[in-house]
Amino acid sequence: MSRFSVAKEYVLRDLESIIAELLHGKTKHKRTSLWNVANPYRPKSKPEQMCVWLKGARRGAWRDFAGTDQGDAIDLVAFGLTGAVTPDTRMTALEWIEDRYQLKDMSPQRRRAVEAEGASRRAATEAKDAEDSKKRRDRARKFFHSCVPIEGTLAEVYLASRGIILAEVPNLGRALRFHPECEYWMDDARPRLPAMIAAMVDQDGKIGACHYTFLKPDGSGKADVEKAKLMFPETTGLVIRLTDGPSGLPADRAAAEKVTGPAGLVEGIEDGLSAGQRVPDLRMWSCGSLAGFLSAPDHACISSFLVFKDNDWGKRQAQKLFGRSVARLKGFRKPVEVISMPADWGKDVNDADRSNWQ
């Protein structure tokens, strides 16, 4: 077993204390099994922008969603100590871990025992992860279908406040619903708030997660909470299929009938509905977040991609992430075009739509 492997096992055992010590983590979320931390090396970083996974096979993995930094448990220590992940800082992390847990004096017998314990833990964790992941996906699917159709609800009122008239969105898909009393789990008080619920689906159209937009009691805007938009559970590889394009055929049926056309990719639901309302020639999909562009799936019904770039992605890290996303989409060997709104129109498609049509 390598020095790094032994060191990583000890970090995973003592992960919570290391997060608290190196990253000053304070906010853990039982529902998501994440520990949100602010990036201590980026001014004005917010806790929700960086997280560490606490459970399952991903325990110790971390990601800075406002940038490009991410890695495993060793990388976490390297970043916490130095603010960077490089071969040199990983060696710094290794030496820090070995000194902390006195690993240099470990006997060969103890090293073999640690290796066996680690292998057993990983096998058990992977099996439980697979089972838990299926349960979470099933829970998301059941929750979505327990919600009511969006028409005539506060969610429709909210969208109207954003300049979106659902009845005027051609070939609206079936991704949006409404829940009148949805638990807001980011608050310890667990208040129940009205929420617009969107189904996030994989390449085959199967629901894997839900996107939540928590609303004010009268639907006049987003709820006054820490973070009004949340997604649960894992959303990698998932999108929200908002509209079905000019054919009016859902993606899978269109593919079966060999009907293809361009697809528009946006970050937010409101952006996708605004674009769908004004440009019915596009099949509009929302990725839910900037990070979601990195895993948006291809589909046989899509002939090309139009990627709508928000104007608030001006930070260097965000620009890099967006660039990687576009390069990945081009890897599907289909035409890809990036569309940027003029800055004076607002930060995104919905802002641009309202500034030009209202």
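Participant: Now, about the nonpolar core: what can you tell me, with residues and values included?
Facilitator: Grouped together as the largest cluster of nonpolar side chains are 29 residues, with contacts concentrated most on Ile19, Ile97 and Leu103. Counting only elements with at least two residues in this core, the list comes to helix H1 (3-13), helix H2 (15-23), strand E2 (34-37), strand E3 (50-53), helix H3 (73-82) and helix H4 (87-101). Of the residues forming this core, the biggest block, 6 residues, is contributed by H3. In contact with Ile19, other than residues within four places in its own chain, are His24, Gly25, Trp35, Val37, Val52, Leu54 and Leu76.

Participant: Describe the pairing of strand E10 (residues 229-232), and please don't skip the residues or the numbers.
Facilitator: On a regular strand, one side chain projects to one face of the sheet and the next to the other, so that they alternate. Burial of the side chains of E10 is restricted to one face: Leu230 and Phe232 are buried, whereas none of Lys229 and Met231 on the reverse face is. Where strand E9 (residues 207-214) lies against E10, 4 bridges are found, and the strand directions are antiparallel. Across the sheet, the residue bridging to His211 is Met231, located in E10.

Participant: Requested: an account of helix H6 (residues 154-161), with residues and values cited.
Facilitator: Of the positions making up H6, those classed as buried are Ala155, Tyr158 and Leu159. Buried residues of H6 fall within an arc of 95 degrees about the axis and therefore sit on the same side. Elements in contact with the buried residues of H6: strand E7 (176-183), strand E8 (192-201), E9, E10 and helix H8 (269-278). Two residues or fewer past H6, Gly163 is found with a positive phi of approximately 80 degrees.

Participant: Help me get a handle on the packing of aromatic side chains, residues and values and all.
Facilitator: On inspection of all chains with the given rule, the structure shows 11 aromatic pairs. On the basis of an interplanar angle of 35 degrees and a centroid distance of 5.6 Å, the ring pair of Tyr10 and Tyr101 is categorised as tilted. Here Tyr10, found in helix H1, pairs with Tyr101, found in helix H4; they are 91 residues apart in sequence, far enough to count as distant. With a relative accessible area of 14%, Tyr10 lands in the buried category. Both rings, one in Trp62 and one in Phe79, keep their centres 5.0 Å apart while their planes meet at 35 degrees; by these two values the pair is tilted. Here Trp62, found in strand E4 (residues 62-64), pairs with Phe79, found in helix H3; they are 17 residues apart in sequence, far enough to count as distant. The residues Trp62 and Phe79 share a single accessibility class, namely buried. The ring of Tyr10 is capped by Arg13, whose NZ or CZ atom sits 4.8 Å from the centre of that ring. If you follow Arg58 out to its NZ or CZ, it ends over the ring of Trp53, 3.8 Å from the centre.

Cut-off values and rules
Residues numbered from 1 in each chain as written. Predicted model: local features only at pLDDT ≥ 70, side-chain atom pairs only at ≥ 80, totals over all residues. Heavy atoms only, no water. Core = buried A, V, L, I, M, F, W, Y, C linked by side-chain atoms within 4.5 Å. Buried < 20%, exposed > 50% of the residue type's maximum accessible area, 1.4 Å probe, protein only. Helix = DSSP H or I, 4+ residues; strand = E, 2+ residues; numbered from the N terminus. Contact = heavy atoms within 4.5 Å. Pairing = 2+ DSSP bridges. Arc of directions from axis to C-beta. Phe/Tyr/Trp six-rings, centres within 6.5 Å; stacked < 30°, edge-to-face > 60°. Lys NZ or Arg CZ within 6 Å of the ring centre and 35° of its normal.

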